[in-house]
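Reading the structure
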Amino acid sequence: MDCQSIWNRSRVLRLIAVYACAGAVTSVAGGSLQHFNQPVRFEQNWGQAPPDVQFVMRAGGSGALLDSAGLTVVQRAGTRLRARFVGGSGSQLIGEDRQGDTNYYSGNPAGTRLHIPTYGRVLYRGIYPGIDLLCYGTNGHLSFDFVIAPGADPRQIRIDLEGADRLRRDDSGPLALSAGSGEIRTETASLYQIIDGREARLPGAYLHEASGQWRLAVPEYNTSYLLVAEAGLVFNTYFGGGGFDEGNAIAVDAAGCSYVAGDTWMPNKANSAAYLFKLNAAGSGIVFSTYLSGSSRDIASALVLDGYGKAYLGGSTSSPDFPATAGAYRTRPLGQTDGFLAKLDASTGALASSTYLGGSGTDTLTSIAVDPLGHLYATGYTNSLDLPVTPNALQKTFGGGTFDAFLAQFNSDLGGSTYLSYLGGSGSDLGYALAIDGSGFVYVTGYTDSGNFPVLNSIRPYSGGGDAFITTLNTTSYGLTFSSYFGGRGADYGAAIAVDASGIYIAGATASEDLPVTSGVPQGSLDGVWDAFVMKLSGGSLIYCTYLGGSASEAATGLAIDGSGGAYVTGYTYSFDFPEVGAIEGYSGGQDAFVASLTPLGTAWRMATYIGGSGDDAGQAIAVDPAGAIYITGRTTSDDLAAGAG
């Protein structure tokens, strides 16, 4: 039996869950739930690691360096845990389960690496005579299995672990070596053989000797058959303490492939990079992964697909050397933090163009949209007094307060800004989300505490406590067609927006007891300190508005609309009594993500469920495909989310 057959058999014995502190993808379809990792993947070393390294492992923000004599786990804090295979004669490393290419774009040309072959696992061929090692990722961990050929001696296997600063034994008995915030732990070795088509399980263990080395203890077994020692030593790859990794935006194409964007810690820069990765329709393999990074922090917060095979990213960068392309609108930053826009090929992840956006202050880009002609729109917030506004700007000067929202339009190659304007009053104003329709109108929502925010036909007066706003402009003259406050006596903000032929949908959070809820909605009152809310407008009139929450606090952060006008929202909740309808999971404690779907008329929840594990979980963005499958990305510190494929 070869290693491929061993993998296929052992694979079904494991459950794949979203790893902690990382961008996670969850799919809900037909009443079932699947969690997908940002996959553990192994890149060939094409110069992104020291020359003796053959493969680099990526798993969210953690990493490992694989060489012929062992492997080294790299932590955010700079500490390392090294596993050296003692007595091995060196081995050939072979990538298996091809996962598409990885691309690194850097402002420093020496750091750009393109089309790097990437794999789902690595085989150490001949790590000892007659013994191979299969290295893979599961449950957010880096694990390995020894595959011992008939007649080979398992007593050859000895592992020296270097770099640990403490040793502990947990309540269940296994030993754990720790370095910084990372850990290598032992589990009872799971040994098996396949004899006459049947699986025979054997007891086994990894023993820690006085010398500091580990060895595999194996009972008597039938040496005429291959023996597999599964996942006895597990490298914990979801280290904390140096930041975390987030899935901030998600999109699904017509083929059912999902795209996730966010930020992830990079071992080689000790800071975060913006990323985009694409999963196949089954969620079982990565099509490509692309990183955009300079020497400081880079975050992708927005993602959109156009109808021409392109993917657009938007976000913020503090890097003076972010990979802006020649001919772009701006190739150098003006402030300490600028927004950025990037255009990539949706099939390969190749970067076509990218640009900075901002002034001499702090500029944060939060949301983007693309129209049928390929024009890209962006919103966010800025405290730059010198934002390079265009002559046709609705508002040419900074309004006041801590921040103003902004609205921008770029041509499809990102070579120039055709529109750039402030949006705000004398207080603080933040643009959080925007959408565009097919008729040339752009829609923006966010937060304002300006009593003189630019309004037109507002459906609510300013409450005085900080309100959500909804602003609509035409893209011909960029005049206001509608602009309104929305809120009550407490604080309110719009976090997500969507539009279809029947109206404008907004989701966010509120601390107001007096929102203008409509009759017949599923929740007519504020139940906690903060509740999520979902509302719909049409023709300047409120169609429906409902609270969503339990007795603690909630916020909606993502919104999507299906073809029938049903609204889907995700976010986070601290409530044990969040309203459940057809729930897939129950409350796990602390902060859980949630997913809810509202009927087209806003009269009932079609579905409302928690998503989470024993840690903290939050949904950041949501998408729905034509078949009604729901995709969510976000962040989690749980390593025990319900299992799915991945």
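Residues numbered from 1 in each chain as written. Predicted model: local features only at pLDDT ≥ 70, side-chain atom pairs only at ≥ 80, totals over all residues. Heavy atoms only, no water.

**Some points on the overall build of the protein**
Secondary structure assignment for the protein yields one helix and 47 strands. Counting every position in the protein, which comprises 646 residues, the buried fraction comes to 60%. Considering only residue pairs separated by 6 or more positions, the protein has 60% of its internal contacts joining residues 24 or more positions apart. (Helix = DSSP H or I, 4+ residues; strand = E, 2+ residues; numbered from the N terminus. Buried < 20%, exposed > 50% of the residue type's maximum accessible area, 1.4 Å probe, protein only. Contact = heavy atoms within 4.5 Å.)

**Brief notes about unusual backbone geometry**
Of note, D97 is a non-glycine position whose phi angle comes to about 60°, a positive value. Mapped onto the elements, D97 comes out in strand β8 (residues 92-106). Overall, the relative accessible area of 34% leaves D97 in the partly exposed class.

**Description of the pairing of strand β45 (residues 605-611)**
Across a regular strand the side chains alternate sides, sitting on one face of the sheet and then on the other. In terms of residue burial, β45 counts as a mostly covered element, since six of its seven residues are buried. Of the strand pairs in this sheet, strand β44 (residues 592-598) and β45 are connected by six bridges, and their pairing is antiparallel. Its bridge partner lying in β45, F594 is registered against Y610. Between the end of β44 and the start of β45, which pair antiparallel, lie six residues, with G602 showing a positive phi angle near 75°. (Pairing = 2+ DSSP bridges.)

**Here's the deal with the packing of aromatic side chains**
Counted under the stated rule, the structure contains 24 aromatic pairs. Ring centres of F398 and Y422 lie 6.0 Å apart, and the angle between their planes is 75°; on these two criteria the pair is classed as edge-to-face. On the criterion of sequence distance, the pair formed by F398 in the loop between β31 (376-382) and β32 (404-410) and Y422 in strand β33 (residues 417-423) is long-range, its members being 24 residues apart. You'll find F398 and Y422 in the same group, each marked buried. Ring centres of F578 and Y610 lie 5.7 Å apart, and the angle between their planes is 55°; this geometry places the pair in the tilted category. Taken together, the residues F578 in the loop between β43 (567-573) and β44 and Y610 in strand β45 connect sequence positions 32 residues apart. (Phe/Tyr/Trp six-rings, centres within 6.5 Å; stacked < 30°, edge-to-face > 60°.)

**Considering the environment of S143**
Mapping S143 onto the fold places it in strand β11 (residues 141-148). Overall, the relative accessible area of 2% leaves S143 in the buried class. Sequence separation between S143 and R121 is 22 residues; the distance between their C-alpha atoms is 10.0 Å.

**A closer look at the nonpolar core**
F42, L66, L71, Y124, F146 and I159 are the most contacted members of the largest nonpolar core, which totals 35 residues. A total of five residues in this core trace back to one element, the largest contributor, which is strand β9 (residues 113-128). (Core = buried A, V, L, I, M, F, W, Y, C linked by side-chain atoms within 4.5 Å.)

**A word on the sheet that holds strand β28 (residues 338-345)**
Spatially, β26-β27-β28-β29 is the arrangement adopted by the four strands of the open sheet, whose pairing is antiparallel. Single-partner strands in this sheet number two, and they are β26 (298-305) and β29 (351-357). The average angle at which neighbouring strand axes cross in this sheet is 20°, direction not considered. Note: β28 against β29, six bridges, orientation antiparallel. Within the sheet, the bridge partner assigned to L344 lies in β29 and is L351. (Axes fitted to C-alpha atoms, helices over the stretch in contact; angles between N-to-C directions.)

**Describing the sheet that holds strand β35 (residues 441-448)**
The strand order across the open sheet formed by four strands is β34-β35-β36-β37, and the pairing between neighbours is antiparallel. Either end of the sheet is taken by a strand with one partner, and the two such strands are β34 (429-436) and β37 (480-486). Recorded for the sheet is a direction-independent mean angle of 15° between the axes of neighbouring strands. Of the pairings in the sheet, the one linking strand β36 (residues 467-474) to β37 comprises six bridges and is antiparallel in character. Residue pairing in the sheet places A468 in a bridge with F486 of β37.

**Comments concerning the environment of A496**
Its location among the elements puts A496 in strand β38 (residues 492-500). For A496, a relative accessible area of 6% puts it in the buried group. In this structure the C-alpha to C-alpha distance between A496 and A556, which are 60 residues apart in sequence, comes to 7.8 Å. With near-sequence residues (within four places) excluded, A496 lies in contact with A433, T445, Y505, I506, A507, T557, G558 and L559.

**Re the side chain of D562**
Here D562 shows up in the loop between β42 (554-561) and β43. Of the polar contacts made by the side chain of D562, one reaches the backbone nitrogen of G565; its length is 3.1 Å. Those residues in contact with D562 that sit more than four places away from it in its chain are Y568, R606 and V624. (Polar contact = N/O pair within 3.5 Å; in protein donor to acceptor, adjacent residues only side chain to side chain.)

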